[in-house]
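Examination of the molecular architecture
Here's the letter readout for the chains.
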Amino acid sequence: MTGVPASAANGSSPADSSQAGPAASDRQTGAKSPRSGKLAAAAVNQASVWNVANLLTMLRLLLVPGFVALMLADGGYDPAWRSFAWAAFAIAMITDLFDGHLARTYDLVTDFGKIADPIADKAIMGAALICLSSLGDLPWWVTIVILGRELGITLLRFLVIRYGVIPASRGGKLKTLTQGVAVGMYVLALTGWLASLRFWVMAAAVVLTVATGLDYVRQAIVLRRQGIAERKTALEETEA
């Protein structure tokens, strides 16, 4: 026994170790403090927003003002500018096909994507329809029917979301595809038989728009009735 404390023999005093506190113990044990864990989790969540699916959605949102500028350039009737506008619209439609698939396949679904994706879809389609109608290429009633249906079904989904989710149907996907093809054909300065063809493609898009809209309303009514019945049954079982 030398009478020298072990802490002094190691070149440190009790005061030194007490000043080091939890930080020193964390370094020695390799443990992380709750604060550092929260910061790391926040960093991961923040980084997850910048995935491929969300970047494609952001690209669609950025294409909207660019598309409008190209569509209305030089009075809106120059075939060259309309071709550039069509290219921007086509890119937006193509990215719409991939971002949702990528998000679901590779588990890239985020809150940002859930909100931004439908907004981007309706923004590019709405911008195209309004531009075409304002230039006199497409009757306003067509634009009103298509946009009214899209906004109405979106509102309907939110109204019945407490009872369940209305899944996207094959008819809805076909409607979206037909709308994209029809609007794309109207964006281009077509003449002759192609101009006649686009009329019939748009007519098919309008029919699908109305038909699928009515089907979604039917699904919403059924879903609401089922939800109310299930809640009533659960309440009766609880009271019993």
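Please read these numbers as outputs of a predicted model, since none were measured by experiment.

1. Thoughts on the packing of helix 7 (residues 140-159) against helix 9 (residues 193-239)
Direction vectors running N to C along helix 7 and helix 9 enclose 25°, while the axes themselves pass 10 Å from each other. One finds that helix 7 runs roughly parallel with respect to helix 9. When you trace helix 7 past helix 9, the crossing you get is left-handed. On helix 9, the residues touching Trp141, Val142, Val145, Ile146, Arg149, Ile153, Leu156 and Arg157 of helix 7 are Met202, Val206, Thr209, Val210, Thr212, Gly213, Tyr216, Val217 and Ala220. For the contact of helix 7 with helix 9, a count of residues per class yields twelve nonpolar, three polar and two charged.

2. Re the packing of aromatic side chains
Summed over all chains, the structure comprises three aromatic pairs. Judged by centre distance (6.0 Å) and plane angle (45°), the rings of Phe67 and Phe89 are tilted. Of this pair, Phe67 sits in helix 4 (residues 52-72) while Phe89 is found in helix 5 (residues 79-105), placing the two residues 22 residues apart along the sequence. The residue whose ring lies beneath Arg157 is Tyr216, and the NZ or CZ to ring-centre distance is 5.0 Å.

3. A short note on the confidence of the model for the chain
On average, the chain scores 79 in pLDDT, and the residues at 70 or more come to 79%. Counting interchain partners and residues more than four positions distant, the pLDDT-below-50 stretch residues 1-32 has six contacts. Across residues 36-47, confidence stays below pLDDT 50; counting only partners more than four residues off in sequence or on other chains, it has zero contacts.

4. Quick word on the pattern of salt bridges
Per the stated rule, a full pass over the model turns up five salt bridges. With a closest N to O distance of 3.3 Å, Arg149 and Glu150 form a salt bridge. Owing to a relative accessible area of 11%, Arg149 belongs among the buried residues under this scheme. Taking relative accessible area as the criterion, Glu150 reaches 12% and is therefore assigned buried. When the shortest N-O distance is used, the salt bridge between Asp215 and Arg218 registers 3.0 Å. Taken as a pair, Asp215 and Arg218 lie in helix 9 at a separation of three residues, close to a single helical turn.

5. A short note on the nonpolar core
Membership of the largest hydrophobic core comes to 30 residues, with the highest contact counts inside it found for Phe67, Met71, Phe89, Val183 and Met202. Listing elements by their share of this core, those giving two or more residues are helix 4, helix 5, helix 6 (111-134), helix 7, helix 8 (170-187) and helix 9. Counting residues per element, this core draws most heavily on helix 6, at seven residues. Not counting residues within four places of it along the chain, the set of residues in contact with Val183 comprises Phe89, Met125, Ala128, Leu129, Leu132 and Met202. Counting eight residues, the second largest nonpolar core, distinct from the first, contains Leu156, Val160, Tyr163 and Ile166.

6. Quick notes on a positive patch on the surface
Residues Arg162, Arg224, Arg225 and Arg231 make up a contiguous surface patch of positive charge. Note on placement: Arg224 falls in helix 9. For Arg224, a relative accessible area of 43% corresponds to the partly exposed category.

7. Focus on the side chain of Thr178
Position of Thr178 among the secondary structure elements: in helix 8. Looking at Thr178, the relative accessible area reads 13%, which means it is buried. Side-chain polar atoms of Thr178 contact the backbone oxygen of Leu174, separated by 2.7 Å. With residues up to four places along the chain from it excluded, the contact list for Thr178 reads Val201, Ala204, Ala205 and Leu208.

8. Overview of helix 4
If you check helix 4, its first and last C-alpha atoms are 31 Å apart, about what 21 residues at 1.5 Å a residue would give, namely 30 Å. By the largest-angle criterion, Leu63 marks the main kink of helix 4, which is about 30°, and a proline, Pro65, follows within four residues. Positive backbone phi, approximately 55°, marks Asp74, located one or two places after helix 4.

So, how was this worked out
Residues numbered from 1 in each chain as written. Predicted model: local features only at pLDDT ≥ 70, side-chain atom pairs only at ≥ 80, totals over all residues. Heavy atoms only, no water. Axes fitted to C-alpha atoms, helices over the stretch in contact; angles between N-to-C directions. Helix = DSSP H or I, 4+ residues; strand = E, 2+ residues; numbered from the N terminus. Parallel < 35°, antiparallel > 145°, perpendicular 65-115°, else oblique. Left-handed = near helix turned anticlockwise from the far one by under 90°. Contact = heavy atoms within 4.5 Å. Nonpolar A, V, L, I, M, F, W, Y, C, P; charged D, E, K, R; others polar. Phe/Tyr/Trp six-rings, centres within 6.5 Å; stacked < 30°, edge-to-face > 60°. Lys NZ or Arg CZ within 6 Å of the ring centre and 35° of its normal. pLDDT = per-residue confidence, 0-100. Salt bridge = Lys/Arg side-chain N within 4 Å of Asp/Glu carboxyl O. Buried < 20%, exposed > 50% of the residue type's maximum accessible area, 1.4 Å probe, protein only. Core = buried A, V, L, I, M, F, W, Y, C linked by side-chain atoms within 4.5 Å. Patch = residues over 30% accessible without salt bridge, like charges linked within 9 Å, V, L, I, M, F, W, Y side chains within 5 Å. Areas by Shrake-Rupley, 256 points an atom, 1.4 Å probe, with all protein chains shown as cover. Lys, Arg positive; Asp, Glu negative; His and termini not counted. Charge placed at Lys NZ, Arg CZ, Asp CG, Glu CD. Polar contact = N/O pair within 3.5 Å; in protein donor to acceptor, adjacent residues only side chain to side chain. Expected span 1.5 Å × (residues − 1). Bend = angle between axes of the 7 residues up to and from the residue.

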